[in-house]
Amino acid sequence: MIPPNPSQPGEVGTKNIAGKSESRNSKSEFRILNLEVRCLLREISRISEYRVVLCAIALLAAATQVHSAPPLPKLEQRGQATQLLVDGKPFIVLAGETDNTASSNLEYMDAVWPKVVRMNLNTVLVAVSWDWVEETEGKFDFSLVDGLLAGARKNNLHLILLWFGSWKNGLSTFVPEWVKADQQRFPRARLKNGRPVEVLTTLSDAGLQADTRAYTAFLRHIREVDAEQRTVIMIQLQNEVGLIGESRDRSAVAEAAFDGPVPAELITYLQKNRETLWPDLRKLWETAGAKAAGTWSEVFGPTTATDEIFMAWNYARYMGQMAKAGKSEYALPVFTNTWLVQPQDMVPGDYPSGCPEPLVIDIWKAGAPAIDINAPDVHLRNFNDWSERFHRPNNPLFVPESYSDTLGAANAVYGVAQHASIGYSPFGINNMERYLGGKTDANPQGATRLEDLPLAKAYGLLAQMTPLIVEAQAKGTIGGAWLTTAWPKKDIALGNYIVNVDLQRSRRNPVPSMGYALAICVGPDEYYILGHEVQIVFTPNTPAPEIAGLSRVETGNFVNGKWVPKRRINGDDIVLEWDQAAAAGRNQSGSGLIFGADGPSIQHVKLYRYR
Ligand code: DGJ
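Just so we're clear, the structure is a prediction, and the values are computed from it rather than from any experiment.

Cut-offs applied
- Residues numbered from 1 in each chain as written.
- Predicted model: local features only at pLDDT ≥ 70, side-chain atom pairs only at ≥ 80, totals over all residues.
- Heavy atoms only, no water.
- Helix = DSSP H or I, 4+ residues; strand = E, 2+ residues; numbered from the N terminus.
- Buried < 20%, exposed > 50% of the residue type's maximum accessible area, 1.4 Å probe, protein only.
- Contact = heavy atoms within 4.5 Å.
- Areas by Shrake-Rupley, 256 points an atom, 1.4 Å probe, with all protein chains shown as cover.
- Near = heavy atom within 4 Å.
- Polar contact = N/O pair within 3.5 Å; in protein donor to acceptor, adjacent residues only side chain to side chain.
- Nonpolar A, V, L, I, M, F, W, Y, C, P; charged D, E, K, R; others polar.
- Axes fitted to C-alpha atoms, helices over the stretch in contact; angles between N-to-C directions.
- Parallel < 35°, antiparallel > 145°, perpendicular 65-115°, else oblique.
- Left-handed = near helix turned anticlockwise from the far one by under 90°.
- Salt bridge = Lys/Arg side-chain N within 4 Å of Asp/Glu carboxyl O.
- Core = buried A, V, L, I, M, F, W, Y, C linked by side-chain atoms within 4.5 Å.
- Pairing = 2+ DSSP bridges.
- Expected span 1.5 Å × (residues − 1).

A. Structural context of the overall build of the protein. Of regular secondary structure, the protein possesses 17 helices and 23 strands. Out of the 611 residues in the protein, the part that is buried amounts to 54%. Counting only contacts in the protein whose residues sit at least 6 apart along the sequence, the fraction spanning at least 24 positions is 71%. With an accessible surface of roughly 25,800 Å², the protein has 52% of that area assigned to carbon and sulfur atoms.

B. Local environment of the site of the ligand. Around the ligand, the structure places Asn100, Lys168, Asn169, Asn239, Glu240, Asp377, Glu401 and Phe427. Interatomic distance of 2.8 Å between a side-chain N/O atom of Asn239 and an oxygen atom of the ligand. Contact between the ligand and Glu240: an oxygen atom at 3.3 Å from a side-chain N or O atom of the residue. Of the residues contributing to the shell around the ligand, the split by class is one nonpolar, three polar and four charged.

C. Broad picture of the packing of helix 3 (residues 106–118) against helix 5 (residues 143–154). The N-to-C vectors of helix 3 and helix 5 enclose an angle of 20°; their axes lie 10 Å apart at closest approach. Classified by the angle their axes make, helix 3 and helix 5 are roughly parallel. The way helix 3 lies across helix 5 gives a crossing that is right-handed. Residues Leu106, Met109 and Trp113 of helix 3 touch helix 5, and the partners they reach there are Leu144, Gly147, Leu148, Gly151 and Ala152. Residue composition of the contact of helix 3 with helix 5, by class: six nonpolar, two polar and no charged.

D. Molecular detail of the pattern of salt bridges. By the definition in use, this model includes 27 salt bridges. Across the pair Lys327 and Asp372 runs a salt bridge, and its minimum N-O distance is 2.8 Å. One end of the pair, Lys327, is in helix 12 (residues 304–329); the other, Asp372, is in the loop between helix 13 (361–367) and strand 11 (373–377), with 45 residues separating them in the sequence. Given a relative accessible area of 22%, Asp372 falls into the partly exposed group.

E. The arrangement of the nonpolar core in detail. If you look at the biggest cluster of nonpolar residues, it comprises 148 residues, and the most contacted ones within it are Phe218 and Leu518. Element by element, the count of residues in this core is highest for helix 12, at twelve residues. Beyond its immediate stretch of four places on either side in the chain, Leu518 contacts Val413, Val416, Ala417, Leu462, Met465, Ile469, Ile478, Gly479, Gly480, Tyr528, Ile529 and Leu530. By size, the runner-up hydrophobic cluster in this structure holds 25 residues, among which are Ile529, Val534, Ile536 and Val605.

F. Representation of the pairing of strand 16 (residues 497–503). The buried fraction of strand 16 amounts to six of the seven residues, a majority that puts the element mostly inside the structure. Hairpin connection between strand 15 (residues 489–494) and strand 16: a loop of two residues separates the two successive antiparallel strands, and Gly495 in this loop has a positive phi of roughly 65°. With seven bridges connecting them, strand 16 and strand 19 (residues 534–540) associate as antiparallel partners. What sits directly across from Tyr497, in strand 19, is Pro540.

G. Looking closely at helix 7 (residues 205–226). Counted at 1.5 Å a residue, the expected span for helix 7 with its 22 residues is 32 Å, and the 31 Å between its end C-alpha atoms agrees. Looking at where helix 7 begins, the residue whose side-chain oxygen comes 3.3 Å from the main-chain nitrogen of Ala206 is Ser204.

H. A look at the sheet that holds strand 19. Pairing in this open sheet of four strands is antiparallel, and the strands run 15-16-19-22 from one edge to the other. Looking along the sheet, the strands with just one partner apiece sit at the ends: strand 15 and strand 22 (593–595). Pairwise comparison of adjacent strand axes, ignoring direction, gives a mean angle of 20° for this sheet. Sheet topology places strand 15 next to strand 16; six bridges connect them, and they run antiparallel. Looking across to strand 16, one finds that Lys489 is bridged to Asp502.

Structure representation (structure tokens):
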């Protein structure tokens with residue numbers, strides 16, 4: 001049989017993104033099939049019946065393969081981590097989100113796709129607005145979606161589509177004009193003074209039905225055009241919902257609901273999950289007497305936090321029904337994104353009231369089980385805190401918006417390493433040129449090309465290490481450090497050692513403002529470390545021999561999942577401390593790993609013990 005030539009462009013074996021199926025290019029599949037047929041005919045004319053049968057079986061197998069689409073992307077618990085499976089394999093989303101309306105212009109997007117490939121992204125988050133696909137009620141035009149799919153596929157990228165429907169950043173500005181115009185049919189939320197705001201109320205069946213009809217048509221269309229390729233891997237439903245300007249909707253229908261009973265479903269959830277409820281939510285409920293029935297104020301107390309809980313329930317119910325209906329068309333994983341409380345925000349309404357903040361994530365889980373992830377948009381500089389708050393047993397970490405500079409690179413690596421994150425996506429990925437040029441905090445190495453920006457370099461290494469990382473996430477043999485001058489050290493207990501990570505210090509250079517590391521334990525005395533601007537020593541965490549030394553250190557890269565060493569590291573590149581007595585007193589050798597400012601980079605280390 002003639003094997004397909006893997007080096008032919010456009011055929012099987014062409015370069016593809018991490019985890020992407022190799023048998024997806026239908027043109028090449030057809031050519032392979034053709035070869036198989038020719039082979040069979042040749043064989044028939046000159047060989048025995050027995051070999052014909054064998055060849056026919058092979059042909060049948062090849063034909064079956066051509067017609068089997070890759071499996072639907074899904075979230076799956078694998079060992080200690082919930083992972084996103086794409087093409088049946090754990091996948092890390094190395095993504096970026098475009099500005100809100102960039103995706104409404106396909107010509108503009110034509111220039112964006114190749115740029116993100118240069119920065120090692122495997123996925124792009126782009127908006128699809130209700131307004132753009134249903135300008136006239138009941139008439140859907142998904143040609144924009146088709147154009148986005150074509151652009152992504154041409155560049156071997158996956159897509160996460162953001163459904164901007166009833167709400168985007170709390171407001172209802174992306175609804176079609178026919179929704180905006182008909183306020184009788186699509187009522188607005190109201191403030192205490194009776195004035196309406198440009199926000200559809202969550203308590204309108206007409207709004208829910210109209211948005212659901214559009215959203216399900218959207219998902220049906222994706223199934224029809226993408227079930228063979230699976231370019232789309234997740235859906236974001238709405239964008240940073242919640243009421244701004246007041247802690248709760250004061251329209252007549254909302255006031256009646258607020259004075260009515262808390263739904264039994266929610267109470268049952270609280271009772272069943274009492275031990276694991278977010279502590280502040282549990283406290284509110286318990287302080288009010290842990291009641292099994294009552295109005296919202298009776299059950300949660302007479303504060304604005306109760307308004308936020310009420311709003312969260314109503315957004316969750318609305319969106320949960322949409323997510324469920326959408327999944328009945330095409331069951332992609334679905335997430336919501338959260339506008340986080342900013343330091344200056346005093347009460348709900350200063351930030352969108354009802355958004356899945358840590359306080360009300362449990363309310364969302366109760367009200368919207370069809371939404372798989374409540375995801376934080378981390379536009380705050382303490383990523384370490386926020387990633388911890390959102391990574392819960394029933395809520396894997398995914399970050400759809402955040403920073404894209406050095407801090408962004410640190411966030412991406414840390415999330416994956418410390419919180420088994422399924423991925424990271426900074427905002428404004430279409431405009432990364434803004435960082436190029438001189439040396440700044442955002443671009444400390446003064447990169448002049450997109451591929452040399454801090455995020456691009458970090459994504460490149462994460463892509464190389466993906467098979468190792470996802471295996472380590474499942475086994476729990478991975479950890480991370482996210483360091484700034486406010487948090488300069490981190491000890492990671494991993495395998496037989498504590499990995500002591502510190503911001504890199506040297507006599508010649510000032511202490512860097514930021515450093516990060518990802519450590520994977522692959523054997524009793526063996527680690528791979530991805531690091532940037534950090535220094536690392538190892539302290540034994542198991543009985544004697546009590547002192548840990550470096551046995552062998554090398555830099556290198558993973559190529560097709562295999563470690564390829566580049567350089568042996570020793571001497572000046574490992575000595576951290578000449579005071580040998582002090583180091584020995586801490587069960588350390590005084591030597592360690594140094595990751596400088598030119599990184600990030602990967603080192604492979606083997607340790608040994610002595611006494
Ligand atoms: C958060 C929103 O979710 C995005 O759509 C965008 O508006 C950014 N803020 C702007 O920083």
